[in-house]
Amino acid sequence: MSAETGLPSQLRITDGKKFRLSSIATNDKLGRQKNSSRTRIRDCVDRMSILQQRLAAYATHGILVVLQGMDTAGKDGAIRHAFSGLNPQGVHVTSFKAPVGIATRHDDLWRIHLTVPSRGEIGIFNRSHYEDVLVERVHPDMVRARGLDPDLPDFWDHRLGDLRNFESYLRRQNIIVLKLFLHISPEEQRLRLLKRLDHPEKRWKFSPSDLKEREFWPHYTAAYEEAIRATATPDAPWIVIPADHKWLARVLVAEALLDTLESLHLKEPEQKMSDALKEAQQILLKGAAKTV
């Protein structure tokens, strides 16, 4: 496989038992060139737009894209670039923050299931059900506030098992789960936060809490690693994307979705005119003649 024509297999984690985040360098360029990245994304999007039409036409499968990463990892930019040419009617983006209101009284997956894409559609979770084993694992008081006890034996193992089973259920319902982790270094995050402060038009993105959360970087790394190890399966693998270079991360996100669409082997819908379509055509033609 050419370095410029497909998602590298080493980024696809289908069995997380021995996985370590440190095995994938955040600044690896994977032999790619920045000057060809825009063309590659455009080629991917052109092909995806065709396959998206077929996905909608058959309506036998849906695709759920799960985007995770530390703050400034580039999730928003990846969505803007890698999904820009798709029909917005068939693509829905949802972002999950801390549960509020009625969601705090329901089970963890209640609000998640409400936004799972239907067959024929592509759904994107910009942060997802994995926040319950990431942010809440680093800040367990969030769990206690909902009347749950994170100190119970195997509490987090059970939560991870629930996510794994949830994704297995979706797969049996023909909802393909594509999980993407944008993997950046703390130094790259530092530079991106500084850039937000240096540019007035980007300062709205910065929050003092961003600095506080940086103190928990080792805890988040451990939580992400454990989540990937526990939930990477052949049917719902994790794609760990080196994301220190934004241009590369965007290409890889596009390639990952293209690979997923192509794996469905969706052929062009049947063009042959059925008797019912021929009858409809004749009715429409007669109607045109009457209005002349």
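Quick look at the structure, then. (Residues numbered from 1 in each chain as written. Predicted model: local features only at pLDDT ≥ 70, side-chain atom pairs only at ≥ 80, totals over all residues. Heavy atoms only, no water.)

## Considering the layout of surface pockets
Of the voids in this model, the largest pocket is the one considered here, and its volume is about 1,300 Å³. Lining the largest pocket are 44 residues, with D71, T72, K75, R127 and R196 positioned closest to its centre. Sorting the residues of the lining of the largest pocket by element identifies helix 2 (75–82), helix 4 (135–138), helix 7 (186–198), helix 8 (208–214), helix 9 (217–231) and helix 10 (246–263) as the ones contributing at least two each. Sort the elements by how many residues they give to the lining of the largest pocket and helix 7 lands first, with six residues. Of the residues belonging to the lining of the largest pocket, the class tally is 13 nonpolar, 10 polar and 21 charged. What lines the second largest pocket is simply K34, N35, S37, R38, I41, R42, V45, H81, S84, K246, W247 and R250. Every element with two or more residues in the lining of the second largest pocket is listed here: helix 1 (37–58) and helix 10. The element best represented in the lining of the second largest pocket is helix 1, accounting for five residues. Split into classes, the residues belonging to the lining of the second largest pocket amount to three nonpolar, four polar and five charged. (1 Å grid on protein atoms, 1.4 Å probe; cavity = no way out; pocket = protein on both sides within 12 Å on 5 of 7 lines; lining within 4 Å. Points joined across faces, edges and corners; volume = space filled by probe spheres on them. Helix = DSSP H or I, 4+ residues; strand = E, 2+ residues; numbered from the N terminus. Nonpolar A, V, L, I, M, F, W, Y, C, P; charged D, E, K, R; others polar.)

## Concerning the side chain of R54
Residue placement: R54 occurs in helix 1. Residue contacts for R54: discarding those within four places in its chain leaves R47, L266, K267, E268 and P269. (Contact = heavy atoms within 4.5 Å.)

## Some points on the sheet that holds strand 4 (residues 122–126)
Spatially, the six strands line up as an open sheet ordered 1-6-5-2-4-3, and their pairing is mixed. Among the strands making up the open sheet, the edge pair consists of strand 1 (12–13) and strand 3 (91–94). For strand 3 and strand 4, the ladder comprises four bridges, and the chain directions are parallel. The partner of V91 across the bridge, within strand 4, is I122. Sheet contacts for helix 6 (residues 155–172): strand 2 (62–69) and strand 5 (175–183); angle to strand 5, the most-contacted strand, approximately 135°. On the sheet, helix 10 packs against strand 1, strand 2, strand 5 and strand 6 (238–242) and is oriented at approximately 165° with respect to strand 5. (Pairing = 2+ DSSP bridges. Axes fitted to C-alpha atoms, helices over the stretch in contact; angles between N-to-C directions.)

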